[in-house]
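In case you want the letters, here they are:
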Amino acid sequence: MKIVRPICCGMDVHKNIIVATIGITNKKTRITEYIQETFSTLNPDLLNLKQWLINHKCFDACMESTGKYWIPIFNILEDEINIYLTHPKYVKAIKGKKTDKKDSKWIRDLFKHDLIKFSFIPPKEIRALREISRYRYKLVGMRSSERNRYQNCMTVSNIGIGSVFSDPFGKSAQAIMKEVLESDIIEDEKILKCIHGSCKNKDKILDSIKHCNIETDQRFKMNESMTHMEELQVHINNCEIEIMKRATPMFDRFMHITQLPGISTLSAILIISEIGVDMKQFESDKQLACWAGLAPANNESANKKNQFVFLKQVNI
């Protein structure tokens, strides 16, 4: 088999240790000399790993994408070592022959012959943008959970605002709920003052809160939930401001996609935070769609057709 990388390293990564194997192949005899070392995942030892690779003139290394454990190693090595990341399924060793040292050597041997499919690692600025974008996504999910909890409390308390307003978290709806939660006696005049002039069916709005039964536990939950939603909204806004700041230098490279229907500036930034702005790493538009999990397919095996959607190889 063709030897693509005569000198390279395979690393088996765990939470606390890294088993690294350097293979040095003689181009004439094609005999490979293996050198193995074990390092801890603490920063001083990661620096020792980096120096160990440099001392052996090994500037190509491959490791599995084991959870988040690969990231500290990548952070230390990326400036001087060419780091390649791969999904564990592409470097799975033979069953019954697995040890940390053998796994490391197996990764190195596959890497030497270029038999591994590598994962896409975007540049540092895109990775930073991705981290904040995904954090924002989590915050939006938490806000949605709180909204559902708040609406459940209204339902349990015989409050039908969710059936009257198209948005139970709109300005008028929230003003009404604030008045209801703060008052022991609900007065129609005070409620009407909370309703925006453009709202229709004001009688129906009044009926949605008449004879409501807000127990102390539900009142407490709604107050806490609303406070939490307001706090989450502040964090979401801060994330969006930071996202805009970081994406500004790249605007001229991706803003053209906002011409597509439904793609706002924020949506465009969220897209490029996942796929980057350089499309050279994808061989075709089909590969990009597949990597993004947007490519449905029909596979036939044993006269059975299974329709599925390809998912990302690795969640970086």
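Here, every reference points to the structure presented above.
Keep in mind that this is a model prediction, so the values were computed, not measured.

*Asks:* Mind showing me how you'd approach the packing of aromatic side chains here?
*Replies:* For any two aromatic rings, the description comes down to two numbers: the centre-to-centre distance and the angle of the planes. Under the defined criterion, the tally for this structure stands at eight aromatic pairs. Residues F39 and W52 carry aromatic rings whose centres are separated by 5.4 Å and whose planes lie at 55° to one another, so their mutual orientation is tilted. Placement of the pair is F39 in strand 3 (residues 32-40) and W52 in helix 1 (residues 43-55), with a sequence separation of 13 residues. Here F39 falls in the buried class, since its relative accessible area comes to 8%. Of the residues examined, W52 reaches a relative accessible area of 10% and is grouped as buried. Taking 5.3 Å as the distance between ring centres and 55° as the angle between the ring planes, the aromatic pair formed by Y84 and F111 counts as tilted. Within this pair, whereas Y84 is found in strand 5 (residues 82-86), its partner F111 is found in helix 3 (residues 100-112), the two being separated by 27 residues in sequence. Taken together, Y84, F111 and F118 form an aromatic cluster joined through their ring pairs. Cation over ring: R5 sits above Y84, and NZ or CZ is 5.0 Å from the ring centre. The ring of Y34 carries K105 above its face, with NZ or CZ at 4.4 Å from the centroid.

*Asks:* Would you explain the sheet that holds strand 2 (residues 17-25) in this entry?
*Replies:* Adjacent strands of a sheet pair through backbone hydrogen bonds, lying either parallel or antiparallel. One open sheet accounts for five strands, arranged 3-2-1-4-5; its pairing is mixed. Strands with a single pairing partner mark the edges of an open sheet, and in this sheet they are strand 3 and strand 5. For this sheet, the mean angle separating the axes of adjacent strands, direction not counted, is 20°. Pairing between strand 1 (residues 7-13) and strand 4 (residues 60-64): three bridges, direction parallel. Within strand 4, the residue paired with G10 across the bridge is C62.

What counts, and where the lines are drawn
Residues numbered from 1 in each chain as written. Predicted model: local features only at pLDDT ≥ 70, side-chain atom pairs only at ≥ 80, totals over all residues. Heavy atoms only, no water. Phe/Tyr/Trp six-rings, centres within 6.5 Å; stacked < 30°, edge-to-face > 60°. Helix = DSSP H or I, 4+ residues; strand = E, 2+ residues; numbered from the N terminus. Buried < 20%, exposed > 50% of the residue type's maximum accessible area, 1.4 Å probe, protein only. Lys NZ or Arg CZ within 6 Å of the ring centre and 35° of its normal. Pairing = 2+ DSSP bridges. Axes fitted to C-alpha atoms, helices over the stretch in contact; angles between N-to-C directions.

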